[in-house]
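Breakdown of the fold
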Amino acid sequence: MIQLRRNRQEYDVCIIGSGAGGGMAAYMLTQAGARVSVIEAGPKWYSSEDSAMLKWNYDSPRRGASTPDRPFGEFDGCIGGWQVEGEPYTMAPGERFDWWRARMLGGRTNHWGRISLRFGPDDFRRGSMDGLGDDWPIDYDDIAPYYDRVDRLVGIFGSREGLPNDPDGIFQPAPRPRCYELLIKDACDRLGITCIPARLSILTQPLGNRVPCHYCGQCGRGCMTNSNFSSPEVLIRPALATGNLTLYLEAMAREVTVDARGHATGVSYVDKATGEDRHVRARIVVLAASACESARLLLNSKSSQFPDGLANGSGMVGRYLTDTTGAGVQGFIPKMMERPPHNEDGSGSGHIFMPWWLDNRTLDFPRGYHIEVGGGFDMPGYGVLGGVERYPAGGGWGRQLKDDYRRYFGATVGFAGRGEMVPNENCYCEIDPDVVDRWGIPVLRFHWQWSDHEVQQAKHMQETFRSIVEAMGGEVFAPMPTREERYGLMNGGSIIHELGCVRMGNDPARSVVDANCRAHEVPNLFVADGGPFVSQPDKNPTWTILALSMRTSEHVARLMKEGAL
C-alpha cells in the first residue's frame, strides 16, 4: 500500500504536463481566475536564462556532439530523448516503436522546429472521403477561431497562399529564402511541386514584450530573446504572473485519483527529490502529459469503478496510436561548391516548404506529405560533411582534406518528407504487466506495424526528392532503398509526433473523450495534449494541440462559471 502525503489545499484545476497543451491550459485557466496547479516531471528551464544559444561548437571539446540526454547535440535546448534513465518502455516481440520523452518545464516545446501548420478542412473528414479511419467530431470551422487566437498570441510568420487544405493564418512577414532554397524552389517550379514560404512560430516583428528574431539560426538551443515560441516563456510566465498558478516540478505523476462517485479528486505523484508519494487535490483534472504518457496515466489509474483503467470502459485508451511518416534524402549540388562565405543563418528551420500538392486519386497510396528542406552554411560542428570521401575527389588528409571541407561546405541539400499515417488497429500501447520504472510505476509496452499505405508513401517521397536533386543538377550518393527496407520509412515514433490513444468522438463505445475533450465516463476529467487526435494529418501537430487546448480550457472555464463543475 502506497502511503500518500496529501496536500490540504484544493485547487480548482490540476494539470499534468507543461508543454504546448498543458502550458496553454495553465495560461487560459489562470487568466479566467481559476487556481491551478501544474505537475511537471522535469526541472525549471527558461530559454531566456538557461539557453546555450550563443555558444560556439568549438567552445566544447565535444564540438557539439550529442550526449545521452541530448541526442540532438550537447547544446540542444531539450532535456530528454528516446531513452530516459530509469524510465524504460517495452515493445512487442519483433516490433519497433521509439518513444521520445522531454523532462523539463515546457516539455517538447523546447525541442520542436517551430513548424506551425493548421490542419485543413479535409483533414477532419478523411474517413468520409476515402473510407479509411474515422472522421473527427469537430470540423475546421469549430477550431479556426482558436487557430486565429493562437496566431495572435504566440506569433507566426508565413504567406497567404489560398490553398484549400492548407489554410492561411494571421501571419507576420516571412524571411526571404536563402541561396540554396531559391535553387530548390526553381527546381520545384519546373517539376510542378508547390513551394511556398515556411510557416514558423518565430517572430519577424515585435509582439508584446518579445522582440523579432535576429537570425542566429540556433532555435533548437532555446531562444534567449524569446523570439520563438516555448511554453515556459510565452504561456507559463504570464500564468505565474496572475498569482493563480503553482508549479510542482520534478514531480512524476503516478495516477489520477477518484472518489466513490467515480469523479476525479486529484493526482498522486512521486516527489523525485525525496522519493515520497504525494497527492494534489483538485476539483478538475486536465491531462496534458503527451499522448502516450496520458494513456499510461489512465491505464494505471485503476479502481473498483474503473478496473481496466480510468475512462477506459470502451477499451479505447492506448488504441489508434499514430506517428508522422518520415523519409529523407540528401543531395550534393556541384554548382553550390566554392561559394563565397556569407551569412545565411536565418531562422532555425527552412524558410520554404512544400505542402501536399497532388491528387491521391492518381496515386497508389492515400493521404499525403509535405516536404521540409535543409542545407546551407549552418554552423559547422561535430560530424559536419560526414562522409566527405564520397564527394568527387574528396577525402584524404592534411591540407587536401581541409581544402575539400571548404570546397564542399554548403554544397549539400536535404529533403525530409513528413506524411500522414492512416490509423490502424495494430498500433497501440498497453501496460506491460512485468516491468516498472524506477518509482515502481508500470511502464508502457508498444505495438507497431506500418501498413502498405505508409510504405508506398515513402517510396513516393524517395522518388520525388531524387527528382528534385536531379533537377538541381546534383546527385544522391545513397542508393534508392528497396521495398524490403520500406523505402527508407523511419521507425514509428522517430518523428516525435505520436498522437491518438485517447481519441475524441461522439460514440462512447469508440472513443475516450467527447468533442470538447472531456472524458465520456468522468465528468471532471479533460485531455489537452495530442491524445484526442482522431487522425494524423501531414501537418506538424503543435499548432493544433495549442488551439484544441485553448478551446478545451475555455470550455472548462465556462462550465466552472456556470457551476457545472
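Bear in mind that the values here come from a model prediction, so they are computed numbers and not experimental data. (Residues numbered from 1 in each chain as written. Predicted model: local features only at pLDDT ≥ 70, side-chain atom pairs only at ≥ 80, totals over all residues. Heavy atoms only, no water.)

**Quick word on the overall build of the chain**
In terms of regular secondary structure, the chain is built from 10 helices and 19 strands. For the chain, whose C-alpha radius of gyration is 23 Å, the value lies close to the compact-globule estimate of 24 Å for 565 residues. With the C-alpha coordinates aligned to their principal axes, the bounding extent of the chain is approximately 75 × 50 × 45 Å. The long-range share in the chain, meaning contacts at least 24 apart out of those at least 6 apart in sequence, stands at 72%. Surface summary for the chain: the accessible area is close to 22,200 Å², and the carbon and sulfur share equals 50%. (Helix = DSSP H or I, 4+ residues; strand = E, 2+ residues; numbered from the N terminus. Rg over C-alpha atoms; globule rule 2.2 N^0.38 Å. Contact = heavy atoms within 4.5 Å. Areas by Shrake-Rupley, 256 points an atom, 1.4 Å probe, with all protein chains shown as cover.)

**A short note on the nonpolar core**
Judged by nonpolar contacts, the single largest core of 82 residues is most densely connected at I39, W136, L287, F446 and L525. Residue contributions to this core peak at seven residues, all from helix α4 (residues 140-154). Those residues within four positions of F446 in sequence are excluded, and the remaining contacts are Y89, T90, M91, A92, E95, F97, W99, C292, L321, Y428 and C429. One finds I184, M337, V373 and I468 within the second-largest nonpolar core, a separate group that totals 32 residues. (Core = buried A, V, L, I, M, F, W, Y, C linked by side-chain atoms within 4.5 Å. Buried < 20%, exposed > 50% of the residue type's maximum accessible area, 1.4 Å probe, protein only.)

**What about the pattern of salt bridges?**
In the structure shown here, the tally under the stated rule is 38 salt bridges. Between D98 and R96 there is a salt bridge; the shortest N-O distance is 2.6 Å. Among the residues examined, D98 registers a relative accessible area of 10% and is labelled buried. Residue class for R96 comes out partly exposed when judged on its relative accessible area of 44%. Residues participating in the shared-partner salt-bridge network are E87, R103, E293, R296 and D437. (Salt bridge = Lys/Arg side-chain N within 4 Å of Asp/Glu carboxyl O.)

**Description of the packing of aromatic side chains**
As enumerated under the stated definition, the model contains 31 aromatic pairs in all. Aromatic pair F97 and F446: ring centres 4.6 Å apart, planes at 25 degrees, arrangement stacked. Of this pair, F97 sits in the loop between β4 (90-91) and β5 (101-102) while F446 sits in strand β17 (residues 442-447), placing them 349 residues apart in sequence. The pair F97 / F446 is uniform in exposure class, with both members buried. Clustering of aromatic rings is evident, with ring pairs tying together Y89, F97, W99, F446, W448 and W450. (Phe/Tyr/Trp six-rings, centres within 6.5 Å; stacked < 30°, edge-to-face > 60°.)

**Thoughts on the sheet that holds strand β16 (residues 428-436)**
The strand order across the open sheet formed by three strands is β4-β17-β16, and the pairing between neighbours is mixed. The two strands at the open ends of the sheet, each matched to only one other strand, are β4 and β16. Bridge count between β16 and β17: five bridges; the pairing is antiparallel. Note that in β17 the partner of V436 across the bridge is P442. (Pairing = 2+ DSSP bridges.)

**Things to note about the state of the cysteines**
For the coordinates displayed, the defined rule picks out zero disulfides. As a non-bridged cysteine, C78 has C219 as the owner of its nearest cysteine sulfur, 14 Å distant. Here C78 falls in the buried class, since its relative accessible area comes to 0%. You can see C179 has no disulfide; the closest cysteine sulfur is in C195, sitting 14 Å from it. (Disulfide = S-S within 2.5 Å.)

**Structural notes on the pairing of strand β12 (residues 325-332)**
Across the eight residues of β12, six count as buried, placing the element largely inside the fold. Bridge count for β12 against strand β15 (residues 412-419) is eight bridges, and the pairing is antiparallel. Within β15, the position partnered with V329 by the bridge is F415.

**Topic: the sheet that holds strand β6 (residues 196-197)**
Pairing between the strands of a sheet comes from backbone hydrogen bonds, and it takes one of two forms, parallel or antiparallel. Read across the sheet, five strands follow the order β6-β13-β14-β15-β12 without closing on themselves; strand pairing throughout is antiparallel. With partners counted over all chains shown, the strands left at the sheet margins are β6 and β12, one partner each. Here two bridges tie β6 to strand β13 (residues 352-354), and the two strands are oriented antiparallel to one another. From the neighbouring strand, I196 faces β13, where its bridge partner is F353.

**Structural notes on the packing of helix α1 (residues 20-31) against helix α6 (residues 231-241)**
Two elements in contact, α1 and α6, have axes separated by 8 Å at closest approach and are oriented at 25 degrees. In terms of their interaxial angle, α1 and α6 are classed as roughly parallel. Judged by the twist between their axes, the crossing of α1 over α6 is left-handed. Contacts between α1 and α6 involve A20, G23, M24, A26, Y27, T30 and Q31 from the former and S231, V234, L235, I236, P238 and A239 from the latter. Among the residues forming the contact of α1 with α6, the class breakdown is nine nonpolar, four polar and no charged. (Axes fitted to C-alpha atoms, helices over the stretch in contact; angles between N-to-C directions. Parallel < 35°, antiparallel > 145°, perpendicular 65-115°, else oblique. Left-handed = near helix turned anticlockwise from the far one by under 90°. Nonpolar A, V, L, I, M, F, W, Y, C, P; charged D, E, K, R; others polar.)

**Section: α6**
Taken together, the buried positions of α6 are occupied by S231, P232, E233, V234, L235, I236 and A239. Elements that come into contact with the buried residues of α6 comprise α1, α2 (47-50), α4, β7 (245-248) and α10 (542-561). Within two residues after α6, G243 carries a phi angle of roughly 80 degrees, on the positive side.

**Section: the environment of M129**
Turning to its location among the elements, M129 is positioned in helix α3 (residues 126-130). Exposure remark for M129: the relative accessible area of 41% places this residue in the partly exposed category. Along the chain, M129 and S51 lie 78 residues apart, while their C-alpha atoms are 45 Å from each other.

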